[in-house]
Amino acid sequence: MRTRIFSFVWVLRLVLRLGLAGLFVVAGVLKLDDPSRFALEIANYQLFPVLAPFVAIGMPATEIVVGLGLVFLPKLWRQAAATLLAAMMAIFLFAVSSALVRNVNIDCGCFGGSESPIGPWTVVRNVVLLALALLVVWLERPRRTDERR
Amino acid sequence: MRTFLLALLGAGSGLIVNTLRPDRVDWTVAIANATCNATQLTVPIETVPINRAAALCASSGVLIADARDAERFAQGHIAGAVHLPCSTPGALLDAVPRLLASVDLVLVYADTTDAARPVAEGLRNRNAMAGLRVAVLEGGFEAWARAGQACLSGPCPRCQDTDLGTSHAH
């Protein structure tokens, strides 16, 4: 029994995919603009600052790959992309919460920029995005009706 | 599984892109900067007394940097000093390396010797590989002014020269 092409679930899945994908691709592209600056921002979180340059190198590209994958790849790969997206959201959530709890001054120092500071709403936003990502993982689960792969 | 492969693809393409671009993150330098207990960085910052600073003042290759806030700088600063403001958007991060390009010694001063030290250390840590010498003015601006050395007032002229660019939107 096939579901109608415009079923609610189908629309929901598409909206979530496009929304999350767009968010991540844009975020990734913006970070690609100034990698050294981004590395400094990561280091300011005071969580294993030695890893900062590697994260700065890998994260924006991964965000773009995940975003594009979520839209364009076949089903099982989409689920993988959503899983990776959820994992990244979980990491962001941990980093932001950790910085808030420890009262780490993210934009401090004579050479830091006072950009958009993080706050409780950042945590809420990340939790919501994580939940949406997990929802997509669940929506993209392989069903018995998909026989092709 | 697939998730891991995607992560690998992301990390890999990031690495390739980083290697190819001119403004790449040099992770060897970045690691040195991040680990504050590297042996080269435990040497204390040199303090320079007023009379020696006065002699250095005019030499090219020496940059005098004011670490106080903009108001104090405008009220009175060492002649020829550059202002290192704490509240400018991150564009200054780009301007500072450019200012430092032709400089061997940066003399940082604040109101007191100790106030300038963390700024001097920060400058040195960020430029460890460039072999830049950073020193602190003994006694700060107070001592300089009391000794009757050359002072100017007004906003930082060299800050206007350098193109500080636009702040980054993230």
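Structure shown above.
Description of the structure in this document. (Residues numbered from 1 in each chain as written. Chains lettered and ligands numbered in written order. Predicted model: local features only at pLDDT ≥ 70, side-chain atom pairs only at ≥ 80, totals over all residues. Heavy atoms only, no water.)

## Thoughts on the packing of helix α3 (residues 52-72) of chain A against helix α1 (residues 2-20) of chain B
Part 1 of the argument: Direction vectors running N to C along α3 of chain A and α1 of chain B enclose 125°, while the axes themselves pass 7 Å from each other. With respect to their mutual orientation, α3 of chain A and α1 of chain B come out oblique. Here the hand of the crossing between α3 of chain A and α1 of chain B comes out right-handed. Here Ile57, Gly58, Ala61, Thr62 and Val65 of chain A of α3 of chain A come into contact with α1 of chain B, specifically with Leu6, Ala7, Leu9, Gly10, Ala11, Ser13, Gly14, Leu15 and Asn18 of chain B.
Part 2 of the argument: Residue composition of the contact of α3 of chain A with α1 of chain B, by class: eight nonpolar, six polar and no charged. (Axes fitted to C-alpha atoms, helices over the stretch in contact; angles between N-to-C directions. Helix = DSSP H or I, 4+ residues; strand = E, 2+ residues; numbered from the N terminus. Parallel < 35°, antiparallel > 145°, perpendicular 65-115°, else oblique. Left-handed = near helix turned anticlockwise from the far one by under 90°. Contact = heavy atoms within 4.5 Å. Nonpolar A, V, L, I, M, F, W, Y, C, P; charged D, E, K, R; others polar.)

## Remarks on the sheet that holds strand β6 (residues 133-137) of chain B
Residues and elements named next belong to chain B.
Part 1 of the argument: Read across the open sheet, the five strands follow the order β1-β6-β5-β2-β4; overall the sheet is parallel. The outermost strands of the open sheet, each flanked by one partner alone, are β1 (46-48) and β4 (82-83).
Part 2 of the argument: In this sheet, β4 lies alongside strand β2 (residues 62-66) in parallel orientation, the contact comprising two bridges. Within β4, the position partnered with Asp66 by the bridge is His83. (Pairing = 2+ DSSP bridges.)

## Points about α1 of chain B
Part 1 of the argument: Along its 19 residues, α1 of chain B runs 27 Å from first to last C-alpha, staying within 8% of the 27 Å computed at 1.5 Å per residue.
Part 2 of the argument: For α1 of chain B, the set of buried residues is Thr3, Leu6, Gly10, Gly14 and Asn18 of chain B. Buried positions in α1 of chain B, seen along its axis, are confined to an arc of 105° and lie on one side of it. Along α1 of chain B, the residues that are exposed and aim more than 90 degrees away from the buried face are Phe4, Ile16, Thr19 and Leu20 of chain B.
Part 3 of the argument: Looking at the buried positions of α1 of chain B, the neighbouring elements they touch are α3 and α4 (75-101) of chain A. (Expected span 1.5 Å × (residues − 1). Buried < 20%, exposed > 50% of the residue type's maximum accessible area, 1.4 Å probe, protein only. Arc of directions from axis to C-beta.)

## Overview of a nonpolar patch on the surface
Residue and element names in this part refer to chain A.
Part 1 of the argument: A contiguous nonpolar surface patch, about 390 Å² in accessible area, is contributed by Phe48, Leu51, Phe54 and Val55.
Part 2 of the argument: Structurally, the position occupied by Val55 is in helix α3.
Part 3 of the argument: Judged by its relative accessible area of 31%, Val55 is partly exposed. (Patch = residues over 30% accessible without salt bridge, like charges linked within 9 Å, V, L, I, M, F, W, Y side chains within 5 Å. Areas by Shrake-Rupley, 256 points an atom, 1.4 Å probe, with all protein chains shown as cover. Salt bridge = Lys/Arg side-chain N within 4 Å of Asp/Glu carboxyl O.)

## Examining the side chain of Arg13 of chain A
Part 1 of the argument: Following the sequence through the fold, Arg13 of chain A ends up in helix α1 (residues 8-32).
Part 2 of the argument: Not counting the four nearest positions on each side in its chain, Arg13 of chain A is found in contact with Lys75, Arg78, Leu139, Glu140 and Arg143 of chain A.

## A few points about empty space enclosed by the protein
Part 1 of the argument: All told, the structure shown has two cavities of 30 Å³ or more when counted by the stated rule.
Part 2 of the argument: In this structure, the largest cavity encloses a volume near 50 Å³.
Part 3 of the argument: Around the largest cavity, the lining residues are Leu32, Pro35, Ala56, Ile57 and Pro60 of chain A together with Gly14, Val17, Asn18 and Arg21 of chain B.
Part 4 of the argument: Listing elements by their share of the lining of the largest cavity, those giving two or more residues are α3 of chain A together with α1 of chain B. (1 Å grid on protein atoms, 1.4 Å probe; cavity = no way out; pocket = protein on both sides within 12 Å on 5 of 7 lines; lining within 4 Å. Points joined across faces, edges and corners; volume = space filled by probe spheres on them.)

## Concerning the nonpolar core
Part 1 of the argument: Counting 30 residues, the largest nonpolar core has Leu20, Leu70, Leu85, Met89 and Val136 of chain A together with Leu6 of chain B as the members making the most contacts within it.
Part 2 of the argument: Going through the elements one at a time, α1, α2 (35-43), α3, α4 and α5 (120-139) of chain A are the ones with two or more residues in this core.
Part 3 of the argument: If one sorts the elements of this core by residue count, α4 of chain A sits on top with nine residues.
Part 4 of the argument: When neighbours within four sequence positions are excluded, Met89 of chain A is seen to be in contact with Phe24, Asn126, Leu129 and Leu130 of chain A. (Core = buried A, V, L, I, M, F, W, Y, C linked by side-chain atoms within 4.5 Å.)

## Quick word on the pattern of salt bridges
All names here are of chain A.
Part 1 of the argument: The full count for this structure, using the stated rule, is nine salt bridges over all chains.
Part 2 of the argument: With a closest N to O distance of 3.7 Å, Glu140 and Arg13 form a salt bridge. Note that Glu140 is positioned in the segment after α5 and Arg13 in helix α1, a separation of 127 residues in sequence. Taken as a pair, Glu140 and Arg13 share a single burial class, namely buried.
Part 3 of the argument: When the shortest N-O distance is used, the salt bridge between Lys31 and Glu63 registers 3.1 Å. Placement of the pair is Lys31 in helix α1 and Glu63 in helix α3, with a sequence separation of 32 residues. Comparing Lys31 with Glu63 shows no difference in burial state: the two are buried.
Part 4 of the argument: Residues participating in the shared-partner salt-bridge network are Arg13, Arg17, Lys75, Arg78 and Glu140.

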